[in-house]
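What follows is the residue order along each chain.
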Amino acid sequence: MTARPAIDFCDLAPSYISAIAPYQPGKPIAELERELGISGAVKLASNENPRGASPKAIAAARTALDDIARYPDGNGFELKRAIADRHSVAESAVVLGNGSNDVLELVARTFLTPGAAAVFAQHAFAVYPLVTQATGAIGVEVAARDFGHDLIAMQHAITGDVKVVFIANPNNPTGTLLHPRDVRAFLEDVPNRVLVVLDEAYNDYLPDALKADSVSWLTEFPNLVVSRTFSKAHGLAGLRVGYGLAHPAVADLMNRVRQPFNVSSVAQAAAVAALADDAFVEQSRELNRRGMEHVTAGLGKLALDFIPSYANFVSFRVPDARTVYDRLLRLGVIVRPIASYGMPDFLRVSIGLPEENARFLAALQQALSH
């Protein structure tokens, strides 16, 4: 029997899919310990809440486990209602996601097509170009200003082919923050045919005085989508649950391409409880504030430049960043190299518990002294 010729399966996929460089997540603790034969490693690479999750959320998740033989509520009624009540919007304005990454992808799948374009900033979240490329659309990267979004330049980049603009505020991985008046002015200037996605994954870490009243803008700007997540301050990263808020007509279109069971029953239950635990989020914010002061003071003592951050991480410049990263790994401390963001001389470290922050600074000093 004649053997069939080998197939290059990349030829079966569109060229814009085969050209994608997959997203690289932070290195897991178990993987590092297995590779190096060590124990007690500390992960400060993925901007997780070092306190864990709200005890109320954990209790709700455990209760939900009793019913995991059943499919989750595909419409997410209880969680949608809790989100709508919290933000004073209609339930029809809420889109649930398997993390806010899913919401970003839903925007791209709904509104981008081959030949269309999306605008995002240099040094912005890696998922924006990924979801854009996955639709065959063209990504338009606008040069950063002081490691943050240059909204004026982004406005100038909006041509007739542009259908979506992604803005992260605060931005990941740089931690920069746009003033609410500047974001609002941008929205006022953007053509209403262009959807603006305001990614506020780290919004809960901002002091109230710095928060934009972005949800209220939805009534004025029907082309606005605000995305939020339970993965950061709420501590539910492992359950993958986020949401988008949008004009009901926009939300309806996104829900047409959303997988009906994209958020599990356990995640929905935990998120409802987490959303109601304001005290836990406030305590997490305060822990992060103190930790940020500790870490940035330590970076200063080591004479390292860093980007002032409004999130739960800080990016700092270090000579021979890849070598320092590898040395930190051998010392049992996982941080994040961000060369893929066009920042090869920088590492990003998440703010941890006080003892984790101290261990990072001690390990960094040792790594730099080689």
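Preceding this section is the structure that the text describes.
Residues numbered from 1 in each chain as written. Predicted model: local features only at pLDDT ≥ 70, side-chain atom pairs only at ≥ 80, totals over all residues. Heavy atoms only, no water.

Trainee: What am I meant to see in the side chain of Asn 169 here?
Mentor: Note on placement: Asn 169 falls in the loop between strand 5 (162-168) and helix 8 (180-189). Once residues lying within four places of it in the same chain are set aside, the contact partners of Asn 169 are Thr 176, Leu 177, Leu 178, Val 183, Leu 198, Asp 199 and Glu 200. (Helix = DSSP H or I, 4+ residues; strand = E, 2+ residues; numbered from the N terminus. Contact = heavy atoms within 4.5 Å.)

Trainee: Mind showing me how you'd approach the pairing of strand 7 (residues 224-229) here?
Mentor: As a general feature of sheets, a regular strand has side chains that alternate between the two faces. Most of strand 7 sits out of view: 6 of its 6 residues are buried. Across 5 bridges, strand 7 lies against strand 8 (residues 242-246) in antiparallel orientation. When the bridges of strand 8 are listed, Val 226 appears paired with Leu 245. (Buried < 20%, exposed > 50% of the residue type's maximum accessible area, 1.4 Å probe, protein only. Pairing = 2+ DSSP bridges.)

Trainee: Is there a simple way to explain the packing of helix 5 (residues 100-111) against helix 6 (residues 127-134) in this structure?
Mentor: Helices that pack against each other are described as a pair by the angle of their axes relative to one another and the distance between those axes. Their axes nearest at 9 Å, the elements helix 5 and helix 6 cross at an angle of 35°. When the axes of helix 5 and helix 6 are compared, the crossing they make is right-handed. In this structure, helix 5 uses Asn 101, Leu 104, Glu 105 and Ala 108 to contact helix 6, whose residues at the interface are Val 127, Tyr 128 and Val 131. (Axes fitted to C-alpha atoms, helices over the stretch in contact; angles between N-to-C directions. Left-handed = near helix turned anticlockwise from the far one by under 90°.)

Trainee: Please explain empty space enclosed by the protein as it appears in this structure.
Mentor: Over the atoms a probe the size of a water molecule is rolled, and this reveals where empty space is left. Inspection of every chain in the model, using the stated rule, returns 2 cavities of 30 Å³ or more. In this structure, the largest cavity spans a volume of roughly 40 Å³. For the largest cavity, the full set of lining residues is Asn 49, Pro 50, Arg 51, Tyr 205, Ser 284, Leu 287, Asn 288, Ile 351 and Gly 352. Of the residues in the lining of the largest cavity, the class split is 4 nonpolar, 4 polar and 1 charged. By volume, the second largest cavity is sized at about 40 Å³. The wall of the second largest cavity is formed by Asn 169, Leu 177, Glu 200, Asn 203, Leu 206, Leu 210, Lys 211 and Ala 212. (1 Å grid on protein atoms, 1.4 Å probe; cavity = no way out; pocket = protein on both sides within 12 Å on 5 of 7 lines; lining within 4 Å. Points joined across faces, edges and corners; volume = space filled by probe spheres on them. Nonpolar A, V, L, I, M, F, W, Y, C, P; charged D, E, K, R; others polar.)

Trainee: Where do I start with the packing of aromatic side chains in this structure?
Mentor: Aromatic rings in a pair are described by how distant their centres are and how their planes are angled relative to each other. With the rule as written, the count across this model stands at 7 aromatic pairs. Centre to centre, the rings of Tyr 71 and Phe 261 are 4.9 Å apart; their planes meet at 20°, and the pair counts as stacked. One end of the pair, Tyr 71, is in the loop between helix 3 (55-64) and helix 4 (77-87); the other, Phe 261, is in the loop between helix 9 (248-257) and helix 10 (265-276), with 190 residues separating them in the sequence. Take Phe 261: its relative accessible area is 42%, and that puts it in the partly exposed class. Members of the aromatic cluster, connected to one another through ring pairs, are Phe 125, Tyr 128 and Phe 166. The side chain of Arg 348 reaches across the aromatic face of Phe 313, ending 5.5 Å from its centre. (Phe/Tyr/Trp six-rings, centres within 6.5 Å; stacked < 30°, edge-to-face > 60°. Lys NZ or Arg CZ within 6 Å of the ring centre and 35° of its normal.)

Trainee: Explain the sheet that holds strand 7 here, please?
Mentor: Spatial ordering of the open sheet is given by 2-8-7-6-5-3-4, a layout of 7 strands whose pairing is mixed. If you trace the sheet from one side to the other, it starts and ends with strand 2 (94-97) and strand 4 (138-142), each paired once. Recorded for the sheet is a direction-independent mean angle of 20° between the axes of neighbouring strands. Relative to strand 8, strand 2 runs antiparallel, the two being bridged by 4 bridges. When the bridges of strand 8 are listed, Val 94 appears paired with Leu 245. Across the sheet, helix 6 lies against strand 3 (117-121), strand 4, strand 5 and strand 6 (195-199), angled at about 160° from strand 5, the strand it touches most. Here helix 8 sits on the sheet and contacts strand 5, strand 6 and strand 7; the angle it forms with strand 6, its principal contact strand, is near 165°.

Trainee: So what exactly am I meant to see when it comes to the sheet that holds strand 11 (residues 336-337) here?
Mentor: The strand order 9-12-11 describes an open sheet built from 3 strands, whose pairing is antiparallel. Each of the sheet's edge strands pairs with one partner strand only, and the pair in question is strand 9 (313-317) and strand 11. Looking at chain direction, strand 11 and strand 12 (residues 346-350) are connected through 2 bridges and run antiparallel. Looking at the pairing, Pro 337 lines up with Leu 347 of strand 12. Helix 11 (residues 278-301) contacts strand 9 and strand 12 of the sheet and is inclined by roughly 5° relative to strand 9.

Trainee: Would you explain the pattern of salt bridges in this entry?
Mentor: Any two side chains of opposite charge can pair, on the condition that their charged atoms come close. Scanning the model with the defined rule gives 13 salt bridges in all. The residue Arg 290 makes a salt bridge to Glu 286 at a minimum N-O spacing of 3.4 Å. Highlighted residues: Arg 290 and Glu 286, both in helix 11, separated by 4 residues, approximately one helical turn. Between Asp 326 and Arg 322 there is a salt bridge, and its shortest N-O distance comes to 3.8 Å. Of this pair, Asp 326 and Arg 322 both sit in helix 12 (residues 321-330), 4 residues apart, which is roughly one turn of the helix. Salt bridges sharing partners connect three or more residues here, namely Glu 286, Arg 289, Arg 290 and Glu 293. (Salt bridge = Lys/Arg side-chain N within 4 Å of Asp/Glu carboxyl O.)

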